[in-house]
Amino acid sequence: MKRKKSAVGLPALTRRWRADVGEYVRKLAPAPSGGLLAVATAADEIPLLDAATGATVHLLPGHAGGVTSLAWHPKRPFFASTGHDGHVRYWDAKTGQQLWASDTGNAWVEQVAFRPDGNLLAVASGRQVRLVQPDGDLARVITDHPSTVADIAWRPDRDELIVARYGGITVWSPGQEQPVKLLNYRGSVLRIAISPTGRFVATADQNSTVHFWRTKTWQDAEMSGYPHIVSSLSWDSTGRYLATDGGEDGMVWDCSDPGPEGRMPIFLKGDIDRLTRCVAFAPDGPVCATAGESGTVTINDVTNPTRIDVGNLGGSVTALAWGRDRLQLFAGAASGQVEAYAEH
Amino acid sequence: MTDAKVPVTVLTGFLGAGKTTLLNHLLTADHGKRIAVIENEYGEIPIDHELVVHADEELFEMSNGCICCHVRGDLIRILKSLLQRKHKFDYILIETTGVADPGPIAQTFMLEPDLMHATRLDGIVTLVDARHLHEHLDDPTGEVKAQIGFADVILLNKTDLVPPARIEEIEATLRGMNGTAKLYRTERSVVDLDRVLGVNGFSLKHALDVDAEFLEVERSFRWASVFALEAGDCELTATLQPGHLYPKLPMCLIPVASADRAGVDALLDKAYDVFHTAEVLADAGGVITPGDNYHQLPVAETPTRFVLRVVEQGLYALFAKYPPAEITLELSRGGSAVAPRYEQRFKGKREHGDVTSVSLQVAGTLDLDKVNAWLLRYRNERYKDLFRYKGVLSVNQYPERLIVQGVHQLVECDKGRPWGDEPRSSKLVFIGRNLDQAVLQKEFEACS
């Protein structure tokens, strides 16, 4: 890919469009094949925006009470959504039609994640994780968790699902009755991000720490000292860097050998007295976008920390995502504003 | 700014105390408010309410400087998600399981920055089952006592199933355990909404508006004596007995129909009202008059004399906060003693459980450094036993009142109204386990 570079090695992104989806943006999910951006907000509906113009292509009815999570099928123009109506729903992005809906029996469904091959969906609802086939048939219900499941993630390198819960993480294999691994930790795990190589599972924890679990040995290392709870984790495409929020500045851990332990993080400069809330590495290269309470959206070269401001949403930014088809960055705010930035 | 914060009410009470019935009542009453409910994991709201979320009562440790305490992770997650909705509800109600400790819930709202910004803990409402309170107080986990100790509002429920005399006794027990909570009798959990929502139990600003009253702990009585009195003046002598450090004796004198138990029992509601609602009557010239007058007699170990002025001859019941073993009262007329015709003891806090509320008072001004050091040491030593504490202090550096409130080890302070020409004094109330009033009062006084 040929790319125009700024003086410091960063792409020259400028704002392409702005849209207002009305309510707190929880998640921005660009379609893997490009063209569309699905938006999860605290409102019931799911706006499906044209990624190039910001125009609303479909406004799907979504979930009564608000939408919590979205997951695109890796290869097909379908995506799953979860929400505060207790359902997981599956949509055809082309027609805007709901293909199926499945009731979990709980009031809230928190997360949904597609297995990388696209043949199984994991859905977190209360203490359960449900494995659902893309045709809507329930394959399995895993109930064996001591508390509400906060996050789920599939390993890219093998058929395992990692579950964040109170008191640690649990590793499941879809075909295996018993957990592959129970990894205990005295706090509550909130977020999971698995490195693209599968070497590390990074978790963000309620007590303002980040943990790195090495999947080879399942040994863990704790990174403490965060002024605030970390809510956003992002790996770069090579699996070397993990970016986090958790303070005024974004923080990046270098996980190349011998690992992140004992190293100082790289600081991505934020705005004074305003927390960074979102971090997102670009699809390739050492470029990390950050944004937060100040409303400013920045991109940073983590190998030579330099910040370039690409836009400002005027209020707290709550979601960031990079488009996959070409270098395009989306940002969503608590106010319901969504912006897209791209190279000229 | 404060008004933009969503008020949160915590509903506690042992299993079977009537929490679900109260919730139903709150949700279905015609108040035009939208209420989000966070139910405990076993909770089952049988009505169709759109905003019900189940919580896991998941405790974890959170540190704030040198203080580590438990907070509720499940509530943090759920509340953050709820708060992302725009204009969707006016109140949040959190229903706990019967055995939940309210401490970590309160601490969650005092420590989690995002929640501090967007919500305010309005109050802890504890439902007590009048039929089974004494069994519940014997519960080995001690959580019922903690729930009573933490309460801003106590609803004594199922009073229709218990004889009235028994209710008086239960109320005395509850008052002894928590003297600052509002106490209401209810049947089938029916209560006015404004008694449980919008009570401002954790608001320093509110405390500061009403600080004349909010620390009047234990305005209940533990002793009644009935005297036959002629019209005219007689002399009342009060003497503080060694080992007790009460600066004042709260009391009132009410005409009574007969010098026996029936006579006194018929006055209990009235005396209770006087102790709880009447303004303190300034003891100008040390003259005590009968009726709806609430007195606080200054007492000391040397006998203090007061004039009891009776207009109409008759029988009078004297209700006193402390029994004669702690503060003796002697009545005389023209040099000869007037003996009581009848005396009655009410069960006080010392006979019930180990949770008490202790009220401390010191006239004048305290030394800020001393009071800081004392409070810091005391709460570091005893934080597990300290449920709630509230105080209005006069300290040397401040022209304003200093308002203090705490939960376990966490403390919040704010400046209150200026003292101006008003007489300065400091009051502090502790609610917790195994608190020693005499020792605390002495230590509080040593801060001046």
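Remember, it's a predicted structure, so these values are computed and weren't measured experimentally. (Residues numbered from 1 in each chain as written. Chains lettered and ligands numbered in written order. Predicted model: local features only at pLDDT ≥ 70, side-chain atom pairs only at ≥ 80, totals over all residues. Heavy atoms only, no water.)

**Focus: the pattern of salt bridges**
So, point 1. Considering all chains together, one arrives at 39 salt bridges over all chains under this definition.
So, point 2. In this structure, A:Arg277 engages B:Asp114 in a salt bridge whose closest nitrogen and oxygen atoms are separated by 2.9 Å. A residue pair is termed interchain when its members come from two chains, as with A:Arg277 in strand β24 (residues 276-281) and B:Asp114 in helix α4 (residues 113-118).
So, point 3. By relative accessible area, B:Asp114 is classed as buried at 18%.
So, point 4. B:Arg185 is the salt-bridge partner of B:Glu168, the closest N and O atoms lying 3.7 Å from each other. Remark: B:Arg185 occurs in strand β9 (residues 182-185) and B:Glu168 occurs in helix α7 (residues 164-177); sequence separation between them is 17 residues.
So, point 5. B:Glu168 gets classed as partly exposed once you look at its relative accessible area, which sits at 23%.
So, point 6. B:Arg185 sits in the partly exposed class, given a relative accessible area of 37%.
So, point 7. Here the salt bridges do not stand alone but share partners, grouping A:Arg277, A:Glu293, B:Lys80, B:Glu112 and B:Asp114 into one network. (Salt bridge = Lys/Arg side-chain N within 4 Å of Asp/Glu carboxyl O. Helix = DSSP H or I, 4+ residues; strand = E, 2+ residues; numbered from the N terminus. Buried < 20%, exposed > 50% of the residue type's maximum accessible area, 1.4 Å probe, protein only.)

**Some details on the sheet that holds strand β7 (residues 78-83) of chain A**
Residue and element names in this part refer to chain A.
So, point 1. Strand order in the open sheet formed by four strands is β6-β7-β8-β9, with antiparallel pairing between adjacent strands. The sheet terminates laterally at β6 (67-72) and β9 (97-103), the two strands that pair on one side only. In this sheet, adjacent strand axes meet at a mean angle of 20 degrees when their direction is disregarded. (Pairing = 2+ DSSP bridges. Axes fitted to C-alpha atoms, helices over the stretch in contact; angles between N-to-C directions.)

**Thoughts on the sheet that holds strand β12 (residues 248-255) of chain B**
Residues and elements named next belong to chain B.
So, point 1. Across the sheet, which stays open at both edges, the five strands sit in the order β14-β12-β16-β10-β19 with antiparallel pairing between neighbours. This sheet does not close on itself; its edge strands, each paired only once, are β14 (295-298) and β19 (342-345). Across the sheet, the axes of successive neighbouring strands diverge by a mean angle of 25 degrees, strand direction being ignored.
So, point 2. As paired elements, β12 and strand β16 (residues 314-320) share five bridges and run antiparallel to each other.

**Observations concerning the interface of chain A and chain B**
So, point 1. Residue-level contacts link 23 residues of chain A with 21 residues of chain B.
So, point 2. Carbon and sulfur atoms make up 45% of the surface buried where chain A meets chain B, a total of about 1900 Å² over both sides.
So, point 3. When residues of chain A are sorted by the area they lose upon contact with chain B, A:Trp108, A:Tyr166 and A:Gln206 head the list and together hold 28% of the total.
So, point 4. Applying the counting rule to chain A against chain B returns one salt bridge.
So, point 5. Linking chain A with chain B are seven residue pairs in polar contact (both at pLDDT 80 or more), by the criterion used here.
So, point 6. Among the residues forming the side of chain A that touches chain B, the class breakdown is nine nonpolar, ten polar and four charged. (Contact = heavy atoms within 4.5 Å. Buried area = accessible area lost by both parts, 1.4 Å probe. Polar contact = N/O pair within 3.5 Å; in protein donor to acceptor, adjacent residues only side chain to side chain. Nonpolar A, V, L, I, M, F, W, Y, C, P; charged D, E, K, R; others polar.)

**Let's talk about the packing of aromatic side chains**
Residue and element names in this part refer to chain B.
So, point 1. Inspection of every chain in the model, using the stated rule, returns 15 aromatic pairs over all chains.
So, point 2. Their ring planes at 25 degrees and their centres at 5.1 Å tell us that Phe-150 and Phe-387 sit as a pair that is stacked. On the criterion of sequence distance, the pair formed by Phe-150 in helix α6 (residues 143-150) and Phe-387 in strand β21 (residues 386-393) is long-range, its members being 237 residues apart.
So, point 3. A relative accessible area of 0% places Phe-150 in the buried class. (Phe/Tyr/Trp six-rings, centres within 6.5 Å; stacked < 30°, edge-to-face > 60°.)

**Brief notes about helix α11 (residues 368-382) of chain B**
So, point 1. Taking 1.5 Å per residue, 15 residues should reach 21 Å; α11(B) reaches 21 Å between its end C-alpha atoms and fits that length.
So, point 2. For α11(B), the N-terminal capping position is held by B:Asp367, with its side-chain oxygen 3.0 Å away from the main-chain nitrogen of B:Asp369. (Expected span 1.5 Å × (residues − 1).)

**So, the pairing of β21(B)**
Residue and element names in this part refer to chain B.
So, point 1. Where burial is concerned, most of β21 is hidden: eight out of the eight residues are buried.
So, point 2. Here β21 pairs with strand β24 (residues 425-433) via six bridges, running antiparallel. Residue pairing in the sheet places Val-392 in a bridge with Lys-427 of β24.
So, point 3. Where β21 lies against strand β22 (residues 400-407), six bridges are found, and the strand directions are antiparallel. Across the sheet, residue Lys-390 finds its bridge partner in β22, namely Gln-405.

**With respect to the confidence of the model for chain A**
So, point 1. Averaged over chain A, the pLDDT score is 93; the fraction of residues at 70 or greater is 97%.
So, point 2. Across residues 1-7 of chain A, where pLDDT falls below 50, the model places eleven contacts with residues more than four positions away in sequence or in other chains. (pLDDT = per-residue confidence, 0-100.)

**A few points about the domain arrangement of chain B**
All names here are of chain B.
So, point 1. Structurally, chain B comprises domain 1 (6-202), domain 2 (221-348) and domain 3 (355-445).
So, point 2. Of note, the centres of domain 2 and domain 3, computed from C-alpha atoms alone, are 29 Å apart.
So, point 3. Counting from both sides, the interface comprises five residues of domain 2 and, opposite them, five residues of domain 3.
So, point 4. Between domain 2 and domain 3, the buried area comes to about 430 Å², and carbon and sulfur atoms account for 66% of it.
So, point 5. Viewed at the interface, domain 3 and domain 2 are joined by zero salt bridges.
So, point 6. Seen at the junction of domain 2 and domain 3, the total is zero residue pairs in polar contact (both at pLDDT 80 or more).
So, point 7. Taken together, the residues of the side of domain 2 that touches domain 3 sort by class into three nonpolar, one polar and one charged. (Domains from an automatic or database assignment.)

**Focus: the nonpolar core**
All names here are of chain B.
So, point 1. Counting 69 residues, the largest nonpolar core has Ile-38, Ile-92, Ile-148, Leu-174 and Phe-319 as the members making the most contacts within it.
So, point 2. Broken down by element, this core gets its largest block of residues, seven residues, from helix α10 (residues 261-277).
So, point 3. Those residues in contact with Ile-38 that lie beyond four places of it in its chain are Val-53, Ala-55, Leu-75, Ile-78, Leu-79, Leu-82, Ile-92, Leu-93, Ile-94 and Glu-95. (Core = buried A, V, L, I, M, F, W, Y, C linked by side-chain atoms within 4.5 Å.)

**Here's the deal with unusual backbone geometry**
So, point 1. Put simply, A:Asp257 and A:Pro258 share a cis peptide bond, and its omega is 5 degrees.
So, point 2. Within the secondary structure, A:Pro258 sits in the loop between β22 (250-254) and β23 (266-268).
So, point 3. Its identity is not glycine, yet B:Asn200 carries a phi of approximately 55 degrees, on the positive side.
So, point 4. Following the sequence through the fold, B:Asn200 ends up in the loop between α8 (193-196) and α9 (204-209).
So, point 5. A residue is classified by how much of its surface remains accessible, and B:Asn200, at 22% relative accessible area, is partly exposed.

**Some thoughts on the side chain of A:Arg130**
All names here are of chain A.
So, point 1. Along the polypeptide, Arg-130 turns up in strand β12 (residues 128-132).
So, point 2. The buried charged residue Arg-130 lacks any salt bridge partner; its closest oppositely charged side chain belongs to Asp-103, at an N-O distance of 6.9 Å.
So, point 3. Of the polar contacts made by the side chain of Arg-130, one reaches the backbone oxygen of Thr-104; its length is 3.3 Å.
So, point 4. Non-local contacts of Arg-130, meaning those with residues more than four positions away in its chain, are made with Asp-103, Thr-104, Leu-121, Ala-122, Val-123, Leu-138, Arg-140 and Val-141. (Lys, Arg positive; Asp, Glu negative; His and termini not counted.)

**Overview of the confidence of the model for chain B**
Residues and elements named next belong to chain B.
So, point 1. The pLDDT averaged across chain B works out to 83; a share of 87% of its residues lies at or above 70.
So, point 2. Below pLDDT 50 for its whole length, residues 348-352 participates in 13 contacts with residues either more than four positions away or in separate chains.
So, point 3. As a predicted assembly, this complex carries a pTM of 0.76 together with an ipTM value of 0.85.

**What about the packing of α11(B) against helix α12 (residues 437-445) of chain B?**
Residue and element names in this part refer to chain B.
So, point 1. Where α11 meets α12, the axes come as close as 10 Å, and the angle between the chain directions of the two elements is 150 degrees. If you check the angle between α11 and α12, you find them roughly antiparallel. On the side of α11, the interface is formed by Val-371, Trp-374, Arg-377 and Tyr-378, while α12 contributes Leu-440, Glu-443 and Phe-444.
So, point 2. Looking at the contact of α11 with α12 residue by residue, the class counts come to five nonpolar, no polar and two charged. (Parallel < 35°, antiparallel > 145°, perpendicular 65-115°, else oblique.)

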